[in-house]
Amino acid sequence: MRITILGSAAGGGFPQWNCNCRNCAGVRGGTVRAKPRTQSSIFVRADAGVDGILFNASPDILEQIRARPALQPGRKVRDTAIAGVVLVDGQVDHATGLLMLRERGSPLPIWCTEAVAADLRQGLPLFEVLRHYCGVESHGVSPDGPGFELPGVPGIVLRALALAGKAAPYSPHRQQGTPGDNIAVVIADRQRGTSAFYAPGLMEISPPVFDAMCTADAVLVDGTFWTDDEMIRLGLSRHRARDIGHLALSGNGGMLDWLARLPSPTRRFLIHVNNTNPILDEDSPERAALAAAGVTVCEDGMEIVL
Ligand code: MLT
Ligand code: MN
Ligand code: ZN
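Going by an unreviewed UniProt entry, the protein carries the name Coenzyme PQQ synthesis protein B and comes from Ramlibacter agri. The record held by UniProt for the protein lists under Pathway (unreviewed entry) the comment "Cofactor biosynthesis; pyrroloquinoline quinone biosynthesis." A UniProt comment under Sequence similarities (unreviewed entry) is attached to the protein, and it reads "Belongs to the PqqB family."

So this is what it looks like as structure tokens:
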């Protein structure tokens, strides 16, 4: 299978429209060596296939499709390689791109948990809005349920894992989590026998989650923040990383500690990187520490073949 990183940044993208933090101002002004990034999304297809699965629909989806012509094949007058959309949560950066896909001629097939579907019917009623355009064909995903495939993408088997995380800020269960607010997805290629573990929002690594990470050939995990208090120290927020559903990379028990415990052949990738994160600066000591640990920071357009 081929995994295309459509967007490697967290909500807001990089540089963020209203941000003058060191990274955002530096990449705009050319004083920091870093690559701009769009918001969190990946596309996965089997080796031989044209059609694939969009994981999360970011508000940057149209720009992402324009940048990757393979997502818009020319088999008929209106065409797309997006056979269906899988949502790992109902966050604004992962769901609002659904509206941009409204010109379809048939209902948009979406796979998500009941908790996320409820949020997208009520708190952020995108499903209701889309009813007036292409419509939505909503499929349930049970966390910790059996593997499933999407029609039109044979051989790519998905399995959802429940995560302890946070629902989106608009959700009625933001403070009191519901199982299914956040999932990780194990993406397996049946023919090749390979798999990837995908979790752009990963706050807590439970034993079953770590088992799934250990058995994957590649992990694409939450690289949002370097430190738990990153946004507080920059004066940009009152929230710690863990308050908003993210495990920081550094520190005791941070994401890098977990990645260091994976079997040595596992390929390690960070996705959903916030614009404040020093790892975006390619000349930073934090980025050098990742290189030494064998951890890759995803960039838009990167392809991972497994
Ligand atoms: C998050 O995952 O915390 C988001 O990136 C927040 C957002 O979309 O604004
Ligand atoms: Mn996000
Ligand atoms: Zn910034």
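K.L.:
Run through the site of ligand 1, naming residues and quoting values.
P.N.:
Near ligand 1 the following residues occur: Gly11, Gln91, Asp93, His246 and His272. Contacts to ligand 1 include Gly11, whose backbone N or O atom sits 3.0 Å from an oxygen atom. The separation between an oxygen atom of ligand 1 and a polar side-chain atom of His272 is 3.2 Å. Here ligand 1, which alone exposes 270 Å², has 72% of that area covered by the protein. In terms of residue class, the shell around ligand 1 is built from no nonpolar, four polar and one charged.

K.L.:
Outline the pairing of strand β1 (residues 2–7), listing residues and values.
P.N.:
Most of β1 sits inside the fold, with five of its six residues counted as buried. Sheet topology places β1 next to strand β2 (residues 41–45); five bridges connect them, and they run antiparallel. Each residue of the ladder has a partner; that of Arg2, found in β2, is Arg45.

K.L.:
Describe the nonpolar core, listing the residues and the values that go with them.
P.N.:
Counting residues in hydrophobic clusters, the biggest one holds 38 residues, and the most contacted among them are Phe197, Leu202, Ile205, Met213, Val221 and Leu259. Contributions of two or more residues to this core are made by α1 (22–29), β8 (183–189), β9 (194–199), α6 (207–215), β10 (218–222), α8 (255–260) and β12 (295–297). Excluding residues within four positions of it along the chain, Val221 makes contact with Phe197, Ala199, Leu202, Met213, Met255, Leu259, Phe269, Leu270 and Ile271. Formed by 31 residues, the second largest nonpolar core is a distinct cluster that contains Val86, Val141, Phe148 and Ala196.

K.L.:
Could you give an account of the coordination of the zinc ion (ligand 3), naming the residues involved and the relevant values?
P.N.:
Taken together, the protein donors to the zinc ion (ligand 3) comprise Cys19 (SG), Cys21 (SG), Cys24 (SG) and Asn275 (OD1), at separations of 2.2 to 2.3 Å. The site at the zinc ion (ligand 3) holds four donor atoms, and with the angles between them running 100 to 119°, its shape is tetrahedral. Spacing between the donor residues of the zinc ion (ligand 3) along the chain follows C-x1-C-x2-C-x250-N. We note that Cys19, like Cys24, is buried.

K.L.:
Which residues make up the sheet that holds strand β13 (residues 303–305), and what are the values?
P.N.:
Read across the sheet, seven strands follow the order β6-β5-β4-β3-β2-β1-β13 without closing on themselves; strand pairing throughout is mixed. A single partner strand is all that each edge strand has here, and the edge strands are β6 (136–140) and β13. Between one strand axis and the next, the sheet turns through 25° on average, direction left out of account. Pairing of strand β5 (residues 108–112) with β6, which is carried by five bridges, proceeds in the parallel orientation.

K.L.:
Lay out the environment of Arg267 in plain terms, naming residues and giving numbers.
P.N.:
Considering the arrangement of structural elements, one finds Arg267 in strand β11 (residues 267–271). Sequence spacing of Arg267 and Ala196 is 71 residues, and the spatial spacing of their C-alpha atoms is 9.2 Å. Each residue touching Arg267, except ones within four places of it in the same chain, is listed here: Asp217, Ala218, Val219, Ile304, Val305 and Leu306. For Arg267, the side chain forms a polar contact with the main-chain oxygen of Val305, separated by 3.3 Å.

K.L.:
Tell me what's going on with the coordination of the manganese ion (ligand 2), and back it up with residues and numbers.
P.N.:
At this site the manganese ion (ligand 2) is bound by Asp93 (OD), Asp93 (OD) and His272 (NE2), with donor distances of 2.1 to 2.8 Å. Of this pair, Asp93 sits in helix α3 (residues 92–95) while His272 sits in the loop between β11 and α9 (285–292), placing them 179 residues apart in sequence. The class for His272 is buried, based on a relative accessible area of 6%.

K.L.:
Give me the packing of aromatic side chains: which residues, what numbers.
P.N.:
As enumerated under the stated definition, the model contains two aromatic pairs in all. Of note, Arg102 hangs over the ring of Tyr133, and the distance from its end group to the ring centre comes to 5.9 Å. Here the guanidinium or amino end of Arg261 rests over the ring plane of Phe210, the centre of that ring lying 4.9 Å away.

Calculation notes
- Residues numbered from 1 in each chain as written.
- Chains lettered and ligands numbered in written order.
- Predicted model: local features only at pLDDT ≥ 70, side-chain atom pairs only at ≥ 80, totals over all residues.
- Heavy atoms only, no water.
- UniProt positions renumbered as here; feature names shortened; annotations may be inferred.
- Near = heavy atom within 4 Å.
- Polar contact = N/O pair within 3.5 Å; in protein donor to acceptor, adjacent residues only side chain to side chain.
- Areas by Shrake-Rupley, 256 points an atom, 1.4 Å probe, with all protein chains shown as cover.
- Nonpolar A, V, L, I, M, F, W, Y, C, P; charged D, E, K, R; others polar.
- Buried < 20%, exposed > 50% of the residue type's maximum accessible area, 1.4 Å probe, protein only.
- Helix = DSSP H or I, 4+ residues; strand = E, 2+ residues; numbered from the N terminus.
- Pairing = 2+ DSSP bridges.
- Core = buried A, V, L, I, M, F, W, Y, C linked by side-chain atoms within 4.5 Å.
- Contact = heavy atoms within 4.5 Å.
- Donors = N, O, S within 2.8 Å, 3.2 Å for Na, K, Ca; no water.
- Tetrahedral: all angles 85-135°; square planar, octahedral: opposite > 155°, others 65-115°.
- Axes fitted to C-alpha atoms, helices over the stretch in contact; angles between N-to-C directions.
- Phe/Tyr/Trp six-rings, centres within 6.5 Å; stacked < 30°, edge-to-face > 60°.
- Lys NZ or Arg CZ within 6 Å of the ring centre and 35° of its normal.

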